[in-house]
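Examination of the molecular architecture
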Amino acid sequence: MSVEEVTQKTEQIDLSADQKQTVKHPLNTEWTLWYTKPQIDPSEDWSSLLRPIAKISSVEEFWGFYSCIPRASTLPPKSDYHLFRNDIRPEWEDPANSKGGKWSVFISDSKKPVLDELWLKLMLSAIGELLEEDDSVAQEVNGVVFNCKKKACKFGIWTKSLDNEETLKKIGLKFKNLVDTKLSTPVNEEQQQNSHPRKPEEIVFQ
Amino acid sequence: MAVIRYTEEELLELQPLAVVPKDFDPKEFNDLVSKVSEILALREEEYEKHHGFGNR
Ligand SMILES: [Zn+2]
Ligand SMILES: [Zn+2]
């Protein structure tokens, strides 16, 4: 019997049925999944369209909600999924985002089967803290986003800051690699300035 | 404080141990998404009927 097996056995024996329900593989921080509902009625404002769906604090809980929510590719147009750290709202107005930036990539509708794989990979990278490898700057990533438009989709990574260029570039590179492994043709990096004064600089792939 | 990290492989291995988070109602959310999809599809159909090109 290997050390790993013994450890697992001990874990199983020690845990009562009730405790088994509790956290086994804790995440570095909690994450909240938000959904933006498309506007059906003009009276609905943005804040009522954006709603938290589930809060997760373990790997097991991630898979628990993932298994029972609609796949990204099946969402109606103008829906968004946002997976954000702790209680950060997926809005620029949130103090955690107001000084931050965003990496994003557009994917055309024709790549639909790839959307779900990409979104899963992006979420796993976020909760596994794989987008930033330096512990001293961990939690630079505030959240990851899937925006579903009628003809295209957009994936994004929201960051806490704009000034830590080195860290942001590393995150962008990881993002690019992640996207490239799922798309047959690699995307090109291109910087795009955003003219909106309240929105931080937007760095866009493609 | 050390950062808790999981590789993609480690995360994928834990998939069979899925636990539905407390305070999460999957049915409520799925119903919402289906309802919205349905309404939007109906509107699209309605729009096509009025403004679509030619008669099919
Ligand atoms: Zn383990
Ligand atoms: Zn009409």
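See the structure shown above.
These numbers come from a predicted model, not from an experiment.

1. Some remarks on the pairing of strand β1 (residues 26-36) of chain A
Residues and elements named next belong to chain A. With nine of its 11 residues buried, β1 lies for the most part within the structure. Bridge analysis of β1 against strand β2 (residues 50-58) gives seven bridges, and the strand direction is antiparallel. By the bridge assignment for β2, Pro-26 is matched with Ser-58. Where β1 and strand β3 (residues 80-85) come together, six bridges link them in antiparallel fashion. Note on β3: the bridge partner recorded for Trp-31 is Arg-85.

2. Let's talk about the interface of chain B and chain A
Contacts between chain B and chain A engage 28 residues on the former and 39 residues on the latter. Taken together, both faces of the contact between chain B and chain A bury some 3,100 Å²; the carbon and sulfur share is 68%. The largest share of the area that chain B buries against chain A comes from Arg-5, Tyr-6 and Phe-29 of chain B, three residues that together contribute 20% of it. Remark: the boundary between chain B and chain A carries one salt bridge. Lys-121 of chain A is the salt-bridge partner of Glu-8 of chain B, the closest N and O atoms lying 2.9 Å from each other. Our count for the chain B to chain A interface comes out at 12 residue pairs in polar contact (both at pLDDT 80 or more).

3. Topic: the environment of Cys-68 of chain A
Structurally, Cys-68 of chain A is set in the loop between α4 (59-66) and β3. Once the C-alpha coordinates of Cys-68 of chain A and Ser-104 of chain A are considered, the two residues, 36 residues apart in sequence, prove to be 26 Å apart. In contact with Cys-68 of chain A, not counting residues within four places along its chain, are Val-20, Phe-24, Pro-26 and Asn-30 of chain B.

4. Brief notes about the packing of aromatic side chains
Residue and element names in this part refer to chain A. Following the criterion strictly, the structure yields 13 aromatic pairs over all chains and no others. Measuring from centroid to centroid gives 6.1 Å for Trp-119 and Phe-146, while their planes differ by 40°, and the two rings are tilted. Within this pair, whereas Trp-119 is found in helix α5 (residues 112-127), its partner Phe-146 is found in strand β5 (residues 141-148), the two being separated by 27 residues in sequence. Relative accessible area serves as the criterion here: at 2%, Trp-119 is assigned to the buried category. Over the aromatic face of Tyr-66 sits the side chain of Arg-71, whose NZ or CZ is 3.9 Å from the ring centroid.

5. Quick word on the environment of Glu-129 of chain A
Relative to the helices and strands, Glu-129 of chain A resides in the loop between α5 and β5. For Glu-129 of chain A, a relative accessible area of 2% gives the class buried. Sequence separation between Glu-129 of chain A and Ser-104 of chain A is 25 residues; the distance between their C-alpha atoms is 18 Å. For Glu-129 of chain A, the residues in contact, after removing those within four places along its chain, are Asn-28, Thr-29, Trp-31 and Arg-85 of chain A together with Val-3, Ile-4 and Arg-5 of chain B. Within the local environment of Glu-129 of chain A, its side chain forms a polar contact with the side chain of Arg-85 of chain A, the two groups lying 2.7 Å apart.

6. Points about the pairing of strand β4 (residues 102-108) of chain A
Residues and elements named next belong to chain A. Within β4, five of the seven residues are buried, leaving the element largely enclosed by the surrounding structure. Pairing of β4 with strand β6 (residues 152-159) involves seven bridges; the strand directions are antiparallel. Note on β6: the bridge partner recorded for Trp-103 is Ile-157.

7. Overview of the nonpolar core
Residues and elements named next belong to chain A. The biggest cluster of nonpolar side chains holds 50 residues, and the ones touching the most others in it are Phe-62, Tyr-81 and Phe-155. Among the elements that make up this core, the one with the highest residue count is α5 (10 residues). Ranked by size, the runner-up nonpolar core spans seven residues in total, among them Leu-50, Phe-84, Ile-88 and Trp-158.

8. A few points about α4 of chain A
Counting buried positions over the eight residues of α4 of chain A gives eight, a clear majority of the element. As for α4 of chain A, its buried residues are in contact with β1, β2, β3 and α5 of chain A together with α1 (8-13) of chain B.

The rules behind the values
- Residues numbered from 1 in each chain as written.
- Chains lettered and ligands numbered in written order.
- Predicted model: local features only at pLDDT ≥ 70, side-chain atom pairs only at ≥ 80, totals over all residues.
- Heavy atoms only, no water.
- Buried < 20%, exposed > 50% of the residue type's maximum accessible area, 1.4 Å probe, protein only.
- Helix = DSSP H or I, 4+ residues; strand = E, 2+ residues; numbered from the N terminus.
- Pairing = 2+ DSSP bridges.
- Contact = heavy atoms within 4.5 Å.
- Buried area = accessible area lost by both parts, 1.4 Å probe.
- Salt bridge = Lys/Arg side-chain N within 4 Å of Asp/Glu carboxyl O.
- Polar contact = N/O pair within 3.5 Å; in protein donor to acceptor, adjacent residues only side chain to side chain.
- Phe/Tyr/Trp six-rings, centres within 6.5 Å; stacked < 30°, edge-to-face > 60°.
- Lys NZ or Arg CZ within 6 Å of the ring centre and 35° of its normal.
- Core = buried A, V, L, I, M, F, W, Y, C linked by side-chain atoms within 4.5 Å.

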